[in-house]
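What follows is the residue order along each chain.
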Amino acid sequence: MHQATLGQRLDLVARRAVPVGITLFLLLFSVTPLHIPGLATVGPMYTLIAVYFWSVYRPDGLGYGAAFAIGVTEDLIVGTPLGSTALLLLLCQWVVFHRQRFFNGRPFLEVWLAFAVIAFGAGILRWMCIGLITSGNFPAAGDLLGTVMLTVMLYPVIGWLLARAQMKLMVQP
């Protein structure tokens with residue numbers, strides 16, 4: 001049996017870190033000011049897209065602990081109620097993990113439609129968390145709808161980029 005070199009072990013660790021690293025990158029991208037009028041109130045849920053994608057296509061790549069940590073980090077950076085994004089990401093993972101048989105071998109359109117349902121549920125849950133925890137000031141319903149619609153519309157683009165990253169960065173040479 002052949003012993004793996006330090007370089008091979010580091011390469012393996014780096015490949016396994018791709019889902020977490022890309023999800024963290026999307027988190028940082030989501031808080032980068034783009035100076036597009038009106039986008040500040042209806043920003044897409046990039047971390048939800050990433051967690052959903054990795055849960056469907058690489059369920060071993062992003063565990064519950066990583067999703068929780070990313071959610072709490074997003075809450076701290078964005079200023080949403082602490083734990084609310086972590087709850088959304090964990091629920092998304094739980095639904096996908098427990099319906100993995102549904103997702104296996106499904107065409108992209110069906111996976112995208114399932115994401116739309118999850119994104120809508122996540123949007124409502126986020127709206128409720130913000131409204132109930134922050135002194136009863138519910139965000140505008142139009143902002144919720146805009147956020148969900150933008151998130152759903154961006155899923156194919158972000159999903160394609162994540163799929164390319166998976167093929168290029170996670171495949172063993």
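Above this note sits the structure.
Residues numbered from 1 in each chain as written. Predicted model: local features only at pLDDT ≥ 70, side-chain atom pairs only at ≥ 80, totals over all residues. Heavy atoms only, no water.

Asks: Hey, could you go over the overall build of the protein chain for me, with residue numbers and the actual values?
Replies: Scanning the protein chain from terminus to terminus reveals eight helices and zero strands. Here the protein chain holds 173 residues, and the buried ones make up 37% of them. For the protein chain, the accessible area works out to roughly 9900 Å², and carbon and sulfur atoms hold 72% of it. Of note, the protein chain has its 10 positive side-chain charges centred 12 Å away from the centre of its 6 negative side-chain charges. (Helix = DSSP H or I, 4+ residues; strand = E, 2+ residues; numbered from the N terminus. Buried < 20%, exposed > 50% of the residue type's maximum accessible area, 1.4 Å probe, protein only. Areas by Shrake-Rupley, 256 points an atom, 1.4 Å probe, with all protein chains shown as cover. Lys, Arg positive; Asp, Glu negative; His and termini not counted. Charge placed at Lys NZ, Arg CZ, Asp CG, Glu CD.)

Asks: Pulling in residues and values, what's your account of the state of the cysteines?
Replies: Two cysteines whose sulfur atoms are joined by a covalent bond form what is called a disulfide. In total, this model carries zero disulfides according to the counting rule given. Lacking any disulfide linkage, Cys92 is separated from the closest cysteine sulfur, that of Cys129, by 15 Å. (Disulfide = S-S within 2.5 Å.)

Asks: Mind laying out empty space enclosed by the protein, listing which residues take part and the relevant values?
Replies: Taken as a whole, this structure holds one cavity of 30 Å³ or more when the rule is applied. If you add up the space inside the largest cavity, you get close to 30 Å³. Lining the largest cavity we find Met45, Thr47, Leu48, Glu74, Thr85, Leu88, Leu89, Ala122 and Arg126. Only helix 3 (46-57), helix 5 (84-98) and helix 7 (108-133) provide two or more residues apiece to the lining of the largest cavity. (1 Å grid on protein atoms, 1.4 Å probe; cavity = no way out; pocket = protein on both sides within 12 Å on 5 of 7 lines; lining within 4 Å. Points joined across faces, edges and corners; volume = space filled by probe spheres on them.)

Asks: Before we move on, could you go through a nonpolar patch on the surface and cite the residues and values that matter?
Replies: A cluster of nonpolar side chains, namely Phe120, Ile124, Met128, Leu132, Ile133 and Phe138, defines an oily patch on the protein surface of about 570 Å² accessible area. Here Ile133 shows up in helix 7. (Patch = residues over 30% accessible without salt bridge, like charges linked within 9 Å, V, L, I, M, F, W, Y side chains within 5 Å. Salt bridge = Lys/Arg side-chain N within 4 Å of Asp/Glu carboxyl O.)

Asks: Which residues make up the packing of helix 3 against helix 5, and what values do they have?
Replies: Here helix 3 crosses helix 5 at 25 degrees, and the two axes come no closer than 9 Å. When the axis of helix 3 is compared with that of helix 5, the two are roughly parallel. For helix 3 against helix 5, the interelement crossing comes out right-handed. Where helix 3 abuts helix 5, its residues Thr47, Leu48, Val51, Tyr52, Ser55 and Val56 lie against Thr85, Leu88, Leu89, Cys92, Gln93, Val96 and Phe97. By residue class, the composition of the contact of helix 3 with helix 5 is nine nonpolar, four polar and no charged. (Axes fitted to C-alpha atoms, helices over the stretch in contact; angles between N-to-C directions. Parallel < 35°, antiparallel > 145°, perpendicular 65-115°, else oblique. Left-handed = near helix turned anticlockwise from the far one by under 90°. Contact = heavy atoms within 4.5 Å. Nonpolar A, V, L, I, M, F, W, Y, C, P; charged D, E, K, R; others polar.)

Asks: Could you give me a rundown of the packing of aromatic side chains, with the residues and numbers involved?
Replies: In this structure the tally under the stated criterion is twelve aromatic pairs. Measuring from ring centre to ring centre gives 5.0 Å for Phe53 and Trp54, while their planes differ by 80 degrees; the resulting arrangement is edge-to-face. Each member of the pair, Phe53 as well as Trp54, is classed as buried. Taken together, the aromatic side chains of Tyr52, Phe102, Phe103, Phe108, Trp112, Phe115 and Tyr155 make up a single cluster linked through ring pairs. (Phe/Tyr/Trp six-rings, centres within 6.5 Å; stacked < 30°, edge-to-face > 60°.)

Asks: Could you give an account of the nonpolar core, naming the residues involved and the relevant values?
Replies: Ranked by internal contacts, the top residues of the largest apolar core, which has 35 residues, are Leu48, Tyr52, Trp54, Phe115 and Leu162. Residue contributions to this core peak at nine residues, all from helix 3. If we ignore the near neighbours within four places in the chain, the residues touching Phe115 are Leu48, Ile49, Tyr52, Thr151, Val152 and Tyr155. (Core = buried A, V, L, I, M, F, W, Y, C linked by side-chain atoms within 4.5 Å.)

Asks: Can you lay out the side chain of Ser84 for me, pointing to particular residues and giving the numbers?
Replies: Looking at the element boundaries, Ser84 is found in helix 5. According to the relative accessible area criterion, Ser84 is buried, its value standing at 4%. Not counting chain neighbours up to four residues away, the residues in contact with Ser84 comprise Asp75 and Cys129.

Honestly, it's all geometry; don't read function into it.
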